[in-house]
Amino acid sequence: MKNAIYPGSFDPVTYGHLDIIRRAAAIFDELIISVLNNVRKTPLFSVEERVRILENATKDIPNVRVESFSGLLVDYAMRRDVHVIVRGLRAITDFEYELQNAQTNRLLSKGELDTMFFTTSLEYAYLSSTTVREIASFGGDISGCVPDFVEELIYNKFGIHK
Ligand code: PNS
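Residues numbered from 1 in each chain as written. Predicted model: local features only at pLDDT ≥ 70, side-chain atom pairs only at ≥ 80, totals over all residues. Heavy atoms only, no water.

**So, helix α1 (residues 15-25)**
An α-helix turns once per 3.6 residues; consequently, residues spaced three or four apart project the same way.
Here's step 1: In terms of burial, α1 is largely enclosed, as eight of its eleven residues are buried.
Here's step 2: Buried within α1 we find Gly16, His17, Leu18, Asp19, Ile20, Ile21, Ala24 and Ala25.
Here's step 3: A distance of 3.1 Å separates the backbone nitrogen of Gly16 from a side-chain oxygen at the start of α1, and that oxygen is part of Thr14. (Buried < 20%, exposed > 50% of the residue type's maximum accessible area, 1.4 Å probe, protein only. Helix = DSSP H or I, 4+ residues; strand = E, 2+ residues; numbered from the N terminus. Polar contact = N/O pair within 3.5 Å; in protein donor to acceptor, adjacent residues only side chain to side chain.)

See the structure below:
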């Protein structure tokens, strides 16, 4: 069985992430979406909330599973016996960071963990979770960025009722 891990913060999940998830799930037998539990960051949504949101947003894709992890991605992937990481590339600005991570993961795993990059669909190339949080915090329109139920949850976090 060919499986892969799509790791990330997903705080919140955007249409850009969902586009990558759909395309990767069409290629792999199983895609594990893995939410990083990063103790160094204060997220908008807790890890449990992000897992539930992702489960809801992907409930129509049967070969997708959502989990969380902490620590090194390479250790988590090896524990799961998964050898492919999926990541999205929006623009050249993503490339240096992603290349460094991919090379480091290959090195740490002694060649056992490869990274496959999906180029983000052009309509989502400008999208990031950071931008979505920023727009929403000022009550701006994020309807083109995230699914409706996520939009409502984000505004609730900022105490905005539309
Ligand atoms: O959505 P993000 O925040 O861009 O995802 C980044 C992520 C989770 C893929 C990356 O930070 C990660 O893999 N963190 C786990 C810790 C780790 O393994 N770091 C070394 C990678 S070189």
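Having seen it, we continue.
**A few points about the pattern of salt bridges**
Here's step 1: Applying the stated criterion across every chain, the model contains ten salt bridges.
Here's step 2: A salt bridge links Asp19 to Arg23; its shortest N-O distance comes to 2.9 Å. With Asp19 and Arg23 both in helix α1 and four residues apart, the pair spans about one turn of that helix.
Here's step 3: Owing to a relative accessible area of 14%, Asp19 belongs among the buried residues under this scheme.
Here's step 4: With its nearest N and O atoms 3.1 Å apart, the salt bridge here joins Lys157 to Glu49. One end of the pair, Lys157, is in helix α6 (residues 148-157); the other, Glu49, is in helix α2 (residues 47-57), with 108 residues separating them in the sequence.
Here's step 5: For Lys157, a relative accessible area of 37% translates into the label partly exposed.
Here's step 6: Judged by relative accessible area, which is 23%, Glu49 ranks as partly exposed.
Here's step 7: Connected through salt bridges with shared partners, the residues Glu30, Arg65, Glu67 and Arg80 form a single ionic network. (Salt bridge = Lys/Arg side-chain N within 4 Å of Asp/Glu carboxyl O.)

**Observations concerning the site of the ligand**
Here's step 1: Near the ligand you find 13 residues, and of these Gly8, Ser9, Leu73, Arg87 and Asn101 are the closest.
Here's step 2: Of all elements in the fold, only β1 (3-8) and α4 (92-108) reach the threshold of two or more residues within the shell around the ligand.
Here's step 3: Of the residues forming the shell around the ligand, the biggest block, four residues, is contributed by α4.
Here's step 4: Grouping the amino acids of the shell around the ligand by side-chain chemistry returns six nonpolar, six polar and one charged. (Near = heavy atom within 4 Å. Nonpolar A, V, L, I, M, F, W, Y, C, P; charged D, E, K, R; others polar.)

**Some thoughts on helix α5 (residues 129-137)**
Here's step 1: Considered for burial, the residues of α5 that qualify are Ser129, Val132 and Ala136. Axial view of α5: buried residues confined to an arc of 60°, hence all on one face.
Here's step 2: Next to the buried residues of α5 lie α1 and α6.
Here's step 3: A positive phi of about 75° marks Gly139, the residue just after α5. (Arc of directions from axis to C-beta. Contact = heavy atoms within 4.5 Å.)

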